[in-house]
Amino acid sequence: MRKLSINLLQAELMPEKPLWTLKRVVSVWAIAFVLMLGWMFYSNFQLTQRTHEFNQANEQKQKYEALQADLEIQVSQNRADPLLQEKLATVKLLFVNKTNLHKQLTDTNSTYSAGFSKAMTELSELHHQDVSLQKVHMNKSHMTFSGIARKPEAVPTWLAAFDNATFLSGQSFKHFSLSENEEAVTQFTVSSQRLSEQSGGQ
């Protein structure tokens, strides 16, 4: 006899599978954990890099501040060396001396340089670093020098060197005057004639 089987379990009677199973929830949590862990490492890397850049920038800033402070100290202490100032004054005096001599040698209205080129050459060779000639007048009968000096004693020293010259040696100076102007600069006049003789000759 053939047995008949009847399936009493209908499809609609089967329980529906839940959407969120424990396995899916665990998987989602694992993925989220991995993402958060990666984001944390990335953020930590970015923070470390930014911290390093900030420290470098801060070090450079401190170096620049130290350099600026050092430069400000140097600027505040920047005073001309007295020795260099003296050398500069000497060079200026020599330049003025040479300029005035050249002017006197080329100005035929104030000097008779044609017949006294030897004297002019010696006068140039016997220049003194503290004496600056401003006017030279020479003719056959007398000579007159006037100018400025850094030190009053420099003028006699300069005149004493005439003894070693050829044309200027043996000259007798009858007039010698020193004075100090308003700028505390020593002015001098040396002449082989007295002032009264110069006035009478003119």
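Draft legend 1. Examining the packing of aromatic side chains more closely. According to the stated counting rule, one finds 3 aromatic pairs in the structure shown. Look at Trp39 and Tyr42: their rings are 6.0 Å apart centre to centre, the planes differ by 40 degrees, and that puts the pair in the tilted class. Of the two residues, Trp39 and Tyr42 are both situated in helix α1 (residues 22–76); the distance of 3 residues between them amounts to about one turn of the helix. The class of Trp39 is exposed, set by a relative accessible area of 59%. With relative accessibility at 45%, the residue Tyr42 sits in the partly exposed group. Taken together, the ring pairs connect Phe145, Trp158 and Phe188 into an aromatic cluster.

Draft legend 2. View of the pattern of salt bridges. The full count for this structure, using the stated rule, is 2 salt bridges. Residue Lys61 pairs with Glu65 through a salt bridge whose shortest N-O separation is 2.5 Å. Highlighted residues: Lys61 and Glu65, both in helix α1, separated by 4 residues, approximately one helical turn. Owing to a relative accessible area of 46%, Lys61 belongs among the partly exposed residues under this scheme.

Draft legend 3. Seen up close, a nonpolar patch on the surface. Together, Phe33, Val34, Leu37, Met40 and Phe41 line one region of the surface with nonpolar side chains, adding up to about 510 Å² of accessible area. Looking at the element boundaries, Val34 is found in helix α1. On the basis of relative accessibility, which here comes to 53%, the residue Val34 falls in the exposed class.

Draft legend 4. Spotlight on the nonpolar core. Counting residues in each nonpolar core, the largest one holds 17 residues, and the members touching the most others are Leu123, Leu133, Val136, Met138, Phe145, Trp158 and Phe188. Contributing elements (two or more residues each) for this core: α3 (117–125), β1 (131–138), β2 (143–149), α4 (154–160) and β4 (186–191). Residues in contact with Phe188, not counting those within four places in the same chain, are Val131, Ser132, Leu133, Phe145, Ser146, Gly147, Ile148, Ala149, Val155, Trp158, Ser177 and Leu178.

About the thresholds
- Residues numbered from 1 in each chain as written.
- Predicted model: local features only at pLDDT ≥ 70, side-chain atom pairs only at ≥ 80, totals over all residues.
- Heavy atoms only, no water.
- Phe/Tyr/Trp six-rings, centres within 6.5 Å; stacked < 30°, edge-to-face > 60°.
- Helix = DSSP H or I, 4+ residues; strand = E, 2+ residues; numbered from the N terminus.
- Buried < 20%, exposed > 50% of the residue type's maximum accessible area, 1.4 Å probe, protein only.
- Salt bridge = Lys/Arg side-chain N within 4 Å of Asp/Glu carboxyl O.
- Patch = residues over 30% accessible without salt bridge, like charges linked within 9 Å, V, L, I, M, F, W, Y side chains within 5 Å.
- Areas by Shrake-Rupley, 256 points an atom, 1.4 Å probe, with all protein chains shown as cover.
- Core = buried A, V, L, I, M, F, W, Y, C linked by side-chain atoms within 4.5 Å.
- Contact = heavy atoms within 4.5 Å.

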